[in-house]
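Structural description and commentary
Each chain, written out:
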Amino acid sequence: MSKTKTTFSGISPSEFFYRNRDLAGFSNPAKALYTATRELVENSLDACESSQILPNIYVRMTPIVEHLHESEPRTYLLKVSDNGPGIDPSQAPNAFGRVFYGSKYKLRQARGMFGMGGTMAVLYGQITTSKPVIIHTSIDGKKFYKFTLRIDIQNNEPVVINKEIIDGNGSTGTTVELLLTGDSFRASAKVHDYFLESALVTPYADITFLDAQGKIFYYPRSTKTLPKRSEETQPHPHGFDFEGMRRLIHETDDKTLRKLLVNNFHRVGPTTAVNFFKFANLEYNSNPSDLSYEDIVTMVDAMHKYDSFLPPDSHCLSPLGREILNAGIMNELSPEFSTIAIRPPSAYSGFPFIVEVGLAYGGKVAHGGVKLYRYANRIPLLYDEGSDIAWQVVKDLVIDKKKAYKIPDNAPLALITHVCSTKIPFKTAGKEFLADRPEIERELKNAVREALRKLRLHLSRKSSQEAVKRRRDIYSKYLPLIAEFSKDLSGKKTLPNFQPMLKTYLDELEGDN
Amino acid sequence: MAKLKKQIKSNKHKNDLKENKIQIKLKLKELGEKIYSDLNSQKFPTIHFPSRSVRNIVYDKQTKQYILGSNTVSRTASNIKHIRPFTQLTWLAFFANELMSNKKSSTLRDVYYSSQAFAVDYDDQSQSDSIITDLESVISTARERLNIYPEERSAIFGDLDIEYTVPGYEGNRLNLSSHPDGYLIGPSLSTADFVDTSAEMIIAIEKGGLFNRFVEEKVHSKYKAIIIDTAGQAPRATRYMLKRLNKELNLPVYIMTDGDVYGEHIAMVIVSGSAGAAHLRDLTVPSAKWLGIWASDIAKYKLPTIPMTEMDLKRVSELKRDPRYQKGVWNKELDVFMKIKAKCELEAFSKYGLTTIVDKYLPEKLEQAKSM
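Residues numbered from 1 in each chain as written. Chains lettered and ligands numbered in written order. Predicted model: local features only at pLDDT ≥ 70, side-chain atom pairs only at ≥ 80, totals over all residues.

1. Some details on the overall build of chain A
Definition in use: Numbering of helices and strands runs from the N terminus, with a helix taken as a DSSP run of H or I at least four residues long and a strand as a DSSP run of E at least two residues long. Residues with at least 20 neighbouring C-beta atoms inside 10 Å of their own are called buried, those with 12 or fewer are called exposed, and the rest are partly exposed, where every C-beta is derived from the backbone. The contact criterion used is a C-beta to C-beta distance within 7 Å, with each C-beta placed from the backbone.
Across its full length, chain A carries 14 helices and 14 strands. Considering chain A as a whole, with its 513 residues, one finds that 41% of them fall into the buried category. Counting contacts in chain A only where the partners sit at least 6 residues apart, residues at least 24 apart contribute 75% of the total.

2. Here we look at the overall build of chain B
Across its full length, chain B holds 13 helices and 17 strands. Per-residue burial over chain B gives 40% buried out of 372 residues. Look at the contacts in chain B between residues 6 or more apart in sequence, and 73% of them connect residues 24 or more apart.

3. Some details on the sheet that holds strand E8 (residues 160–163) of chain B
Residues and elements named next belong to chain B. Stated formally: Here, a strand pair is defined by DSSP locating no fewer than two bridges between the strands. Axes, fitted as lines to C-alpha atoms, cover a helix only where it is in contact. Angles between the N-to-C directions of the axes lie from 0 to 180 degrees.
The strand order across the open sheet formed by three strands is E9-E8-E11, and the pairing between neighbours is antiparallel. The open sheet has two edge strands, strand E9 (173–175) and strand E11 (193–197), and neither has a second partner. Taking each pair of neighbouring strands and ignoring which way they run, the sheet shows an average axis angle of 25 degrees. Here E8 pairs with E9 via three bridges, running antiparallel.

4. Considering the interface of chain B and chain A
Rule in force here: Under the grouping applied here, Gly and all other residues not named as nonpolar or charged are polar, the nonpolar ones being Ala, Val, Leu, Ile, Met, Phe, Trp, Tyr, Cys and Pro and the charged ones Asp, Glu, Lys and Arg.
Contacts between the two partners involve 24 residues from chain B, matched on the other side by 21 residues from chain A. When residues of the side of chain B that touches chain A are traced back to their parent elements, those giving at least two are helix H1 (2–40) and helix H2 (83–101) of chain B. For the side of chain B that touches chain A, the class distribution of residues is 15 nonpolar, six polar and three charged.

5. Overview of unusual backbone geometry
With an omega dihedral of -5 degrees, the bond running from Glu-72 of chain A to Pro-73 of chain A counts as a cis peptide bond. Its location among the elements puts Pro-73 of chain A in the loop between strand E1 (56–63) and strand E2 (74–82). Look at the link from Gly-292 of chain B to Ile-293 of chain B: it is a cis peptide, with omega at 10 degrees. Tracing the backbone through its elements, the reader meets Ile-293 of chain B in the loop between strand E15 (289–292) and helix H10 (295–300). Phi at Ser-130 of chain A is positive, roughly 60 degrees, even though this residue is not glycine. Assignment of secondary structure puts Ser-130 of chain A in the loop between helix H5 (116–129) and strand E3 (133–138). For Gln-42 of chain B, which is not a glycine, the phi torsion comes out positive at approximately 60 degrees.

6. A short note on the pairing of strand E4 (residues 143–152) of chain A
In summary, the side chains of a regular strand alternate between the two faces of the sheet. Residue and element names in this part refer to chain A. Relative to E4, E3 runs antiparallel, the two sharing five bridges. Across the sheet, the residue bridging to Thr-137 is Tyr-145, located in E4. Linking E3 back to E4 in an antiparallel pair, the connection comprises four residues, with Gly-141 at a positive phi of about 85 degrees. By the bridge criterion, ten bridges tie E4 to strand E5 (residues 157–167) in an arrangement that is antiparallel. Residue pairing for E5: Lys-143 is matched across the bridge by Asp-167. Once E4 ends, the chain turns through four residues before running back antiparallel as E5, passing Asn-156 with a positive phi of about 55 degrees.

7. Quick notes on the confidence of the model for chain B
Residues and elements named next belong to chain B. Test applied: Summary of the metric used: pLDDT quantifies the predictor's per-residue confidence within the range 0 to 100.
In the predicted model, chain B carries a mean pLDDT of 88, and the fraction of residues at 70 or more is 95%. The lowest-confidence element of chain B is H1, averaging 74 in pLDDT; the highest-confidence one is strand E14 (residues 253–256), averaging 96. Note on residues 1–5: pLDDT is under 50 here. Beyond four places in sequence and across chains, it has one contact. Two summary scores accompany this predicted model of the complex, namely pTM at 0.60 and ipTM at 0.74.

8. So, the sheet that holds strand E13 (residues 225–229) of chain B
Residue and element names in this part refer to chain B. The six strands lie next to each other as E10-E7-E13-E12-E14-E15, forming an open sheet whose pairing is mixed. What marks the edges here is a single partner per strand, and that holds for strand E10 (183–184) and E15. Relative to E13, strand E12 (residues 201–205) runs parallel, the two sharing five bridges. In the sheet register, Ile-202 faces E13, and the bridge partner there is Ile-226. This element, helix H6 (residues 208–216), spans strand E7 (155–157), E12 and E13 of the sheet and lies at about 160 degrees to E13.

9. Points about the packing of helix H13 (residues 438–490) of chain A against H2 of chain B
Think of two packed helices as two axes; the pair is described by the angle between the axes and how far apart they sit. Test applied: Here the angle decides the label: under 35 degrees means roughly parallel, over 145 means roughly antiparallel, 65 to 115 means roughly perpendicular, and every other value means oblique. Handedness of a crossing follows from how the near helix is turned relative to the far one, being left-handed for an anticlockwise turn of less than a right angle and right-handed for a clockwise one.
At a minimum axis distance of 9 Å, the contact between H13 of chain A and H2 of chain B shows a crossing angle of 25 degrees. Put simply, H13 of chain A runs roughly parallel to H2 of chain B. Considering how the two elements wind past one another, H13 of chain A and H2 of chain B form a crossing that is left-handed. Contacts between H13 of chain A and H2 of chain B involve Ile-474, Tyr-475, Tyr-478, Leu-481, Ile-482, Phe-485, Ser-486, Asp-488 and Leu-489 of chain A from the first element and Ile-83, Arg-84, Phe-86, Thr-87, Thr-90, Trp-91, Ala-93, Phe-94 and Asn-97 of chain B from the second. Residues that form the contact of H13 of chain A with H2 of chain B fall into these classes: twelve nonpolar, four polar and two charged.

10. Here's the deal with the environment of Asn-172 of chain B
Residues and elements named next belong to chain B. Position of Asn-172 among the secondary structure elements: in the loop between E8 and E9. For Asn-172, a count of 13 C-beta atoms within 10 Å corresponds to the partly exposed category. As for Asn-172 and Ile-162, which are separated by ten residues in sequence, their C-alpha atoms are 8.2 Å apart. Every residue in contact with Asn-172, bar those within four places of it in the chain, is listed here: Glu-163 and Tyr-164.

11. Considering the environment of Lys-305 of chain A
Looking at the secondary structure, you find Lys-305 of chain A in helix H10 (residues 293–305). Owing to 10 C-beta atoms within 10 Å, Lys-305 of chain A belongs among the exposed residues under this scheme.

12. A few points about the confidence of the model for chain A
All names here are of chain A. For chain A, per-residue confidence averages 86 on the pLDDT scale, and 92% of positions sit at 70 or higher. When the elements of chain A are averaged for pLDDT, helix H1 (residues 2–9) gives the smallest value, 37, and strand E7 (residues 206–210) the largest, 96. Low pLDDT, under 50, characterises residues 1–9; the predicted model gives this stretch zero contacts beyond four residues in sequence or across chains. Residue range residues 101–105 is modelled with pLDDT below 50. Its contacts to residues more than four positions away, or to other chains, number three contacts.

13. What to know about the pairing of strand E14 (residues 413–421) of chain A
All names here are of chain A. Among the nine residues that make up E14, nine are buried, leaving the element largely enclosed by the rest of the structure. Where strand E11 (residues 351–361) lies against E14, nine bridges are found, and the strand directions are antiparallel. Note that in E14 the partner of Val-357 across the bridge is Thr-417. Note: strand E12 (residues 370–376) against E14, seven bridges, orientation parallel. The residue of E14 that forms the bridge with Tyr-373 is Ile-416.

14. A closer look at the environment of Phe-86 of chain B
With respect to the secondary-structure elements, Phe-86 of chain B resides in helix H2. Each C-alpha atom of the pair Phe-86 of chain B and Thr-76 of chain B lies 6.9 Å from the other, and the pair is ten residues apart in sequence.

What follows is the structure, given as structure tokens:
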């Protein structure tokens, strides 16, 4: 065990990420520019939402070049400002200048798992430009702290180069100014998609984006409802792994296994704990620190197998909800018809999750079959659509069973799938698509079916209304023409008296409808 | 003497045309009155006419042509799917009536565009053409009698004096051998009176090139013939013209086509009409004779050939099942085509000199035709 520890301490977390930056989405200048933008924006949104502040986010991407036509990749100044709660000045250097490793134990739904994305962006900027990052932050609106700092990669520590205190303007918030090598020509499409798709699920945010060409994209706020704040929760025994348990035992002050389970796990009471240790064949009064390596393996295995734990509850989840999803759809897609299906909370491997599906049809929704917008914990997923379980579900139900739901060819149809969970089952480290967990697939299917049934109802109502209108139009147009031509053909002087029958016919049509 | 006799016949024809026109106008008016009175009595107007579906096209042994059976279809304004075609048909009847009253003529394409002035819309010209065929069925009258003509035109040449009846030319006369390229068989010629002729036969020929050759070689004077270029499958105006020449001037009609299955069918349509015009009469010349090129002539005259394609052979099998092809030369020649699997064109005679077809083939075949 001590051997394992030595191996880890030989390389700092910062260095580890530096060597593995591909994993975190910084594999090339285009992707890095997109990922850095996205990580900083998501930090800002998370900060605002956790303090129940309606977010105002401002993003600017400015090329820093000596010659106007300098080719890509080139240096960019990325600036992201928010009106969030700010960061305590004593914590600010650590928040951006140290990669936290494994410190997060409790679970709650947030966009980022460990708050690491922002630090990765800083690290990448420092590696590519050798320039420090500048952070402005204020927690009271009275004083703004301006830090100029860089990361000591070997020791995983922030190095504050300069610290200034400036008079505030009355509002709290944080601004990050970062120099990095990027390629906005190649990143542009993804970055714009990202802002559009973010706006779709954050109608409560006011987002302004000034892109590298100097064009402004403004996504105004359309609702003042914020999503319910997610609560912190302890992990559920079903979803806990060996490494977590090893570390928990190492850190805990609990003297018995029973206390360890009751104090650190979700919905486990003393009785459940006792019953569980009987099941696991372990003595519930033994001291956790006495457990052997094999005992820990036995315990974690048993935790996964024991089926009398209470299911996880969903207080720790923060779904978008009907109002927000609808406001986003109306704002960004302006459809003729929309519907929202929200499934009750469910769980996979001990992690609670909720599936929400929005459907938009007609109006300004583009024709061309179905457009899928995928989200996980409110993050738009822009890559690898074909591998995502949400796409499989949509393909099965919308494309292959199109007739059953009366969806016309080339339909103007958009679907939004949102999965929120304390742990999103991403298939790869790139965090771009969901693995095919059967529980999640089932809930996605149910939600998409529910939305499609409502669409079918809408379409059939619409088509019967259209049929009546078409009949009306046809008879109102052609019957008078027949009357006129028959008058001329038969050589009569006046039109035949067809008006009463036309009126009767049209009245009956209205009645039928 | 012969000339005088024909002149009397043509006067009779003149009366026929006038009588006919009155009849047609009456039919159109009756149609209008029926619709008018339906509407007046709060009924959705309905009309019935013979069905032109394939199942209702039957072969009539008596007249040796395809006719429509007893099935009828109805078109009623109470049906949402019918009301637009019903309106189009009513409009067309009105429009045809106007054409006849004003002595104007119109092409199929003109009709299509004219509809737009009356807010009667067609999806395309083929829809308009199909409504014209409906009206033909309703009043059992060919569109040409309603002064509506297709674009396709064929030509006529020979010693025939005609007198125009179209407005502005009434009484004007013309001899149809005055212009060596021939005259278009259009609305004015179709409705002209035949005044005088020295011709003793009509030769209808499939191709413009051979038509010119015949004029150059003076077939019209050597054989006392009126020559007609059918330009492929003979248009209705041309078939109507052949019918009139045959009936009013009592002249035999001979047909020359390429030596292939399509040529044989061109001749057949002149003799016994087409399935597409099964709702119409007066377009056939049952006594007309197909001179050739027969399949058996290919070997007999040692003509250069072209191999038949799959499509050609398929067409032969189709015609073998057609009731009109069950007897005589029609049947026999199909069998020969099937056997030799080769075809030839009229121009093939040029191998033996440009005039061979006129000097040798034509007289031999005319002689042979006498015994048919």
